[in-house]
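Tertiary structure, described
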Amino acid sequence: MKRGPVIAIDGPAGSGKSTLAKLLAKELGFAYIDTGAMYRAVALKAHEQKIDSDDENALKDLCSTINLYFEAKANANKIFIDGNDYSEKIRTPFVSRLSSKVSSQKAVRDAMVRLQRLLAAKGSVIMEGRDIGTVVFPDADVKFYIDASPEVRGRRRYAELKEKGENVSLDTIIAEEKVRDQRDSTREHAPLKKADDAVCIDTSNMELQDVLAKMLKIVKEKLTIGNTHC
Ligand code: DC
């Protein structure tokens, strides 16, 4: 049986892809899967178990024993490992750094990609990450690559962290995001890159609602939603 549509959204940190993916999912009534949260949760769990981010064998064992899953709550998806809610505690600069390192390990990627494909098996999903259009779902029905300048992305992350009460400096955030993007886009396995057939949108000088409207238009054209050819 043919699955429902898969919409892949990739891009670097702070490009606005998470916000856009959530809004688009709500608008279309699709499920939303944040694959970055999966790598973040594994990274934090590994840290709690004192597993080094270079220890691929230990990370592989960890991935094969944990039960990682999402639960849809009223206004957000929550991520759990073995019954423990990781949703809030994975949103720190420390976990950002760690998840970028842990996600470069092939064993971790293999385990997460397998899970991501299972989670999206029925389709009608928006999956957001770094390698969705290139590796996880190269046959996705619609692919977006969301980008923005490093300064704009740094400022967005800074504002998010400030709002949560984190004591950070803008320069540090921009520098850290550059390091993370460099690692994510130059790693050996499934590096961040635009799929050849992805629609690229630079959000640096665009309002969120305008980007969303553009994405919706493209999705509707590609999926012929609302077209009654019967
Ligand atoms: O999207 P995010 O910032 O929450 O992702 C955290 C890290 O996880 C990111 O630095 C790279 C990694 N990641 C990945 O390698 N592949 C994905 N599909 C999603 C995230």
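All of the points below concern the structure found in this document.

1. Side note on helix α9 (residues 208-223)
Helix length check: α9, at 16 residues, gives a terminal C-alpha distance of 22 Å against a target of 22 Å (1.5 Å per residue), a fit within 8%. Those residues of α9 lying buried are Val 211, Leu 212, Met 215, Leu 216, Ile 218, Val 219 and Leu 223. Seen along its axis, α9 keeps its buried residues to an arc of 165 degrees; they face one direction. The outward face of α9, more than 90 degrees from its buried face, is lined by the exposed residues Gln 209, Lys 217 and Glu 221. Elements in contact with the buried residues of α9: β1 (6-10), α1 (17-28), β7 (142-147) and β8 (199-202).

2. Focus on the sheet that holds strand β2 (residues 31-34)
The strand order across the open sheet formed by five strands is β2-β6-β1-β7-β8, and the pairing between neighbours is parallel. Because the sheet does not close on itself, it has two edges, and the strands there are β2 and β8. Direction aside, neighbouring strands of the sheet carry axes that sit 20 degrees apart on average. One ladder, built from four bridges, connects β2 with strand β6 (residues 125-129); its direction is parallel. For Ala 31, the partnering residue across the bridge sits in β6 and is Val 125.

Calculation criteria
Residues numbered from 1 in each chain as written. Predicted model: local features only at pLDDT ≥ 70, side-chain atom pairs only at ≥ 80, totals over all residues. Heavy atoms only, no water. Helix = DSSP H or I, 4+ residues; strand = E, 2+ residues; numbered from the N terminus. Expected span 1.5 Å × (residues − 1). Buried < 20%, exposed > 50% of the residue type's maximum accessible area, 1.4 Å probe, protein only. Arc of directions from axis to C-beta. Contact = heavy atoms within 4.5 Å. Pairing = 2+ DSSP bridges. Axes fitted to C-alpha atoms, helices over the stretch in contact; angles between N-to-C directions.

Don't take any of this as a statement about function, it's just geometry.
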